[in-house]
Amino acid sequence: MLYGGQRKIKTSLVKQALIDKDDNALHELHQNILLRKASAWKYEKEWRLLGPVGIHDSPLRLSEITFGLRCDPSIVLAIVKVLEHRDVNFYQIEQIPGSFTL
């Protein structure tokens, strides 16, 4: 994981990666999109495994997704729709009204 930095991605980086087919830019773009989190979340010690699905069984199969407290409903809907054919459980973090409990 990469912690800190900017959430914004420069259009010039997108152009280099996707239009100019620059492998270094593509690598940087993937890191910024898939591996960057705010420094405040470092305590989670999260791991992310990225790779092709392939045709072989893997013990590292996606089994669940937990959407954060402020995750936009349109993002939740899009991800659920894309993965509806797979055996994946979906969860949504909710705050118990009048408390700090999630």
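Quick notes on the rules
Residues numbered from 1 in each chain as written. Predicted model: local features only at pLDDT ≥ 70, side-chain atom pairs only at ≥ 80, totals over all residues. Heavy atoms only, no water. Phe/Tyr/Trp six-rings, centres within 6.5 Å; stacked < 30°, edge-to-face > 60°. Helix = DSSP H or I, 4+ residues; strand = E, 2+ residues; numbered from the N terminus. Buried < 20%, exposed > 50% of the residue type's maximum accessible area, 1.4 Å probe, protein only. Patch = residues over 30% accessible without salt bridge, like charges linked within 9 Å, V, L, I, M, F, W, Y side chains within 5 Å. Areas by Shrake-Rupley, 256 points an atom, 1.4 Å probe, with all protein chains shown as cover. Salt bridge = Lys/Arg side-chain N within 4 Å of Asp/Glu carboxyl O. Contact = heavy atoms within 4.5 Å. Axes fitted to C-alpha atoms, helices over the stretch in contact; angles between N-to-C directions. Parallel < 35°, antiparallel > 145°, perpendicular 65-115°, else oblique. Left-handed = near helix turned anticlockwise from the far one by under 90°. Nonpolar A, V, L, I, M, F, W, Y, C, P; charged D, E, K, R; others polar.

### A look at the packing of aromatic side chains
When we look at a pair of aromatic rings, we describe it by the centre distance and by the angle of the planes. Counted under the stated rule, the structure contains 2 aromatic pairs. Taken together, a centroid distance of 6.2 Å and an interplanar angle of 15 degrees make the contact between F67 and F90 stacked. In this pair, F67 sits in strand β3 (residues 64-67) while F90 sits in strand β4 (residues 89-92), placing the two residues 23 residues apart along the sequence. On the basis of relative accessibility, which here comes to 5%, the residue F67 falls in the buried class. For F90, a relative accessible area of 28% gives the class partly exposed.

### Section: a nonpolar patch on the surface
Among the surface-exposed residues, I9, V14, L18, I19, I33, L34 and L50 lie close enough to one another that they form a single nonpolar patch of about 610 Å² accessible area. At the level of elements, α1 (11-19) and α2 (23-34) are the ones that each hand at least two residues to the nonpolar patch. Relative to the elements of secondary structure, L18 occurs in helix α1. Look at L18 and you get partly exposed, because its relative accessible area is 46%.

### Digging into the environment of R48
Among the structural elements, R48 can be located in the loop between β2 (36-37) and β3. Overall, the relative accessible area of 36% leaves R48 in the partly exposed class. Residues R48 and A38 lie 10 residues apart in sequence; the distance between their C-alpha atoms is 15 Å. Not counting residues up to four positions away in its chain, the partners in contact with R48 are M1, L34, L35 and K37.

### Let's talk about the packing of α1 against α2
The contact between α1 and α2 brings their axes to 8 Å, and the two run at 125 degrees. Comparing their axes, α2 and α1 come out oblique. Pair α1 / α2 crosses with left-handed handedness. Contacts between α1 and α2 involve L13, V14, Q16, A17 and L18 from the former and A25, L26, E28, L29 and N32 from the latter. Residues that form the contact of α1 with α2 fall into these classes: 7 nonpolar, 2 polar and 1 charged.

### Quick look at the pattern of salt bridges
Within the structure shown, the criterion is met by 4 salt bridges. The shortest N-O distance in the salt bridge between K37 and E46 comes to 2.5 Å. Given the relative accessible area of 14%, K37 is considered buried. Between E84 and K81 there is a salt bridge whose closest N-O contact spans 3.3 Å.

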